[in-house]
Structures are given as C-alpha cells and as structure tokens.
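These are the residues of each chain, in order.
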Amino acid sequence: MSKAQQKWDQRYLAKSQGLESEPVAPEYLQRQWRFLKTGRVLDLAAGDGAASIFLAKQGFSPVATDISQVGLDRLSEAMTKLGLEVETAQLDLEEESVDLSGLGLFDSIVISRYKPADGLWEQLLALLKPEGTLLMTTFNLFQHERTGFSKRFCLRENELLDHCAELALVDFESDRNQSGMDSYIFKKRN
C-alpha cells in the first residue's frame with residue numbers, strides 16, 4: 001500500500017462510522033449537471049462519493065474510482081442505504097502505470113477537486129463516448145496561494161480552455177477570489 005493510499009484511507013477512517021449526512025456534491029455540479037450526457041458516468045477521484053450520490057439521484061449510473069478503498073466502501077454503504085447502485089474501482093491515479101481501459105466507456109466523466117496528470121488525459125478521452133461530456137471543477141492557483149495546497153493539483157489561469165482539440169468547450173467559470181475553483185464542461189467531438 002502506497003503512502004498516498006494510507007493517507008487517504010486514514011482520512012476516511014477518521015470520519016465517523018457511516019455517513020450520518022450525505023457528502024455535498026460540488027456547487028458547480030449541482031448547478032450544471034443537466035449539461036452532462038445521461039447514462040454511465042465516471043466519477044474520477046471520487047473520495048467517499050459526493051458526486052456519485054448526487055448523480056445517481058439524477059438517474060445516472062455512476063462508476064467511482066479513488067485511491068482509497070475506505071472511501072469507496074463508505075460510498076457503497078451510503079448508496080445501499082439510499083437504494084442506489086454504484087460500481088467502484090480502487091485505483092491510484094498518480095501511478096504512471098495506471099490503466100483505466102478496464103472501466104469501459106462512459107457517456108460522461110466528472111472530476112471534482114482533482115487535477116489529472118497530463119498522461120491521464122489520453123486515457124480519459126479514450127473512455128469518453130463520442131458526444132460524451134466531461135465536467136471538471138477543481139482548485140485553481142488561488143487555492144495554493146491562500147492555503148499552500150499543492151500546485152500540482154491546481155489549475156493555472158485558463159489552463160484547460162484550449163487543452164485538447166477533441167473537446168469542445170461548453171461552459172467555463174473561474175473564481176479567483178472566494179472558492180478558488182475553476183470549472184469546465186466539455187463535449188467530445190465526433
């Protein structure tokens with residue numbers, strides 16, 4: 001078990017047993033989820049599943065991946081209690097050898113509070129069906145400046161606006177003051 005996996009497992013173990021209240025999905029996702037293509041959705045770096053729970057309630061079929069099996073177990077338990085279904089896969093997305101191909105294809109991909117390494121983008125694009133959507137809402141450099149949060153996981157200003165020719169920008173928001181979050185929605189070109 002890697003140090004990163006131990007760290008995240010400990011973080012979720014430190015939370016109370018079970019989920020007394022549901023984790024809250026990112027505000028941008030709550031406002032913009034209707035832009036997502038309905039169907040199977042990948043929740044990348046899901047943690048204990050705020051986005052997966054929210055999306056399942058909207059009729060999506062979530063597949064949650066995370067480094068922490070403890071977080072994924074918490075998600076599975078919460079979904080069972082809510083009468084909802086989720087598939088989970090424990091993956092260390094920071095490993096160079098990580099292979100997402102076994103997850104299948106997706107109508108949508110949601111990334112919350114995580115910035116994929118450059119090498120992971122090709123795999124994500126391969127998993128996204130034509131006309132599929134990708135929603136990403138994560139920290140920008142204001143978060144680093146304000147809290148010291150790792151620059152590696154913070155988006156530079158307008159970083160993804162022209163990131164990939166295969167993706168067409170649908171929506172973009174940047175908050176360089178309050179939340180320190182940048183949010184994007186893309187649609188995969190045919």
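Structure first, text after, so check above.
Residues numbered from 1 in each chain as written. Predicted model: local features only at pLDDT ≥ 70, side-chain atom pairs only at ≥ 80, totals over all residues. Heavy atoms only, no water.

Draft legend 1. Representation of the overall build of the protein in the model. Helix and strand counts for the protein stand at 6 helices and 7 strands. Relative to a compact globule of 190 residues, whose C-alpha radius of gyration would be 16 Å, the protein shows 16 Å and is just as compact. Projecting the C-alpha coordinates of the protein onto the three principal axes gives extents of approximately 40 × 35 × 35 Å. Looking at the 190 residues of the protein, the share that counts as buried comes to 48%. Counting contacts in the protein only where the partners sit at least 6 residues apart, residues at least 24 apart contribute 61% of the total. Per element, the accessible surface of the protein, about 9600 Å² overall, is 49% carbon and sulfur. (Helix = DSSP H or I, 4+ residues; strand = E, 2+ residues; numbered from the N terminus. Rg over C-alpha atoms; globule rule 2.2 N^0.38 Å. Buried < 20%, exposed > 50% of the residue type's maximum accessible area, 1.4 Å probe, protein only. Contact = heavy atoms within 4.5 Å. Areas by Shrake-Rupley, 256 points an atom, 1.4 Å probe, with all protein chains shown as cover.)

Draft legend 2. Main features of the packing of helix α1 (residues 3-14) against helix α4 (residues 69-82). Where α1 meets α4, the axes come as close as 7 Å, and the angle between the chain directions of the two elements is 40 degrees. By the criterion of interaxial angle, the relationship of α1 to α4 is oblique. Facing Asp9, Tyr12 and Leu13 of α1, the residues of α4 in contact are Gln69, Val70, Gly71 and Arg74. Its residues placed into classes, the contact of α1 with α4 shows 3 nonpolar, 2 polar and 2 charged. (Axes fitted to C-alpha atoms, helices over the stretch in contact; angles between N-to-C directions. Parallel < 35°, antiparallel > 145°, perpendicular 65-115°, else oblique. Nonpolar A, V, L, I, M, F, W, Y, C, P; charged D, E, K, R; others polar.)

Draft legend 3. Representation of helix α5 (residues 118-127). Where α5 is concerned, the buried positions are Leu120, Trp121, Leu124, Leu125 and Leu127. Relative to the axis of α5, the buried residues are bounded by an arc of 155 degrees and lie together on one face. Relative to its buried face, α5 has exposed residues pointing more than 90 degrees away, namely Gly119, Glu122 and Ala126. Against β1 (40-44), β4 (106-112), β5 (128-139), β6 (167-174) and β7 (181-188) lie the buried residues of α5. (Arc of directions from axis to C-beta.)

Draft legend 4. Up close: unusual backbone geometry. Its identity as a non-glycine residue notwithstanding, alanine 45 has a phi of 55 degrees, on the positive side. Note that alanine 45 resides in the loop between β1 and α3 (50-57).

Draft legend 5. Looking closely at the packing of aromatic side chains. Overall, the coordinates contain 7 aromatic pairs when judged by the stated rule. Note on phenylalanine 139 and phenylalanine 149: the rings are 4.7 Å apart at their centroids and 55 degrees apart in plane angle, and the pair reads as tilted. Here the residue phenylalanine 139 occupies a position in strand β5, and phenylalanine 149 occupies one in the loop between α6 (141-147) and β6, the gap between them amounting to 10 residues. Looking at phenylalanine 139, the relative accessible area reads 14%, which means it is buried. Pairwise contacts between aromatic rings join Trp33, Phe54 and Phe60 into one cluster. (Phe/Tyr/Trp six-rings, centres within 6.5 Å; stacked < 30°, edge-to-face > 60°.)

Draft legend 6. Broad picture of the sheet that holds strand β3 (residues 87-90). Within the open sheet, the 7 strands sit side by side as β3-β2-β1-β4-β5-β7-β6. Their pairing is mixed. Whereas interior strands pair on both sides, the edge strands pair on one side only; in this sheet they are β3 and β6. Within this sheet the neighbouring strands show an average axis-to-axis angle of 15 degrees, counted without direction. As defined by bridge partners, β1 adjoins β4 across 4 bridges and the pair is classed as parallel. Its bridge partner lying in β4, leucine 44 is registered against isoleucine 111. In this fold α4 packs onto β2 (61-66) and β3, with an angle of close to 170 degrees to the strand it touches most, β3. Across the sheet, α5 lies against β1, β4, β5, β6 and β7, angled at about 135 degrees from β5, the strand it touches most. (Pairing = 2+ DSSP bridges.)

Draft legend 7. The arrangement of the side chain of serine 108 in detail. Note on placement: serine 108 falls in strand β4. Reaching out from serine 108, the side chain makes a polar contact with the backbone oxygen of lysine 37 at a distance of 2.8 Å. What serine 108 contacts, discounting residues up to four positions off in sequence, is Leu36, Lys37, Arg40, Val41, Leu42, Leu128 and Thr133. (Polar contact = N/O pair within 3.5 Å; in protein donor to acceptor, adjacent residues only side chain to side chain.)

Shape is all these values report; function is a separate question.
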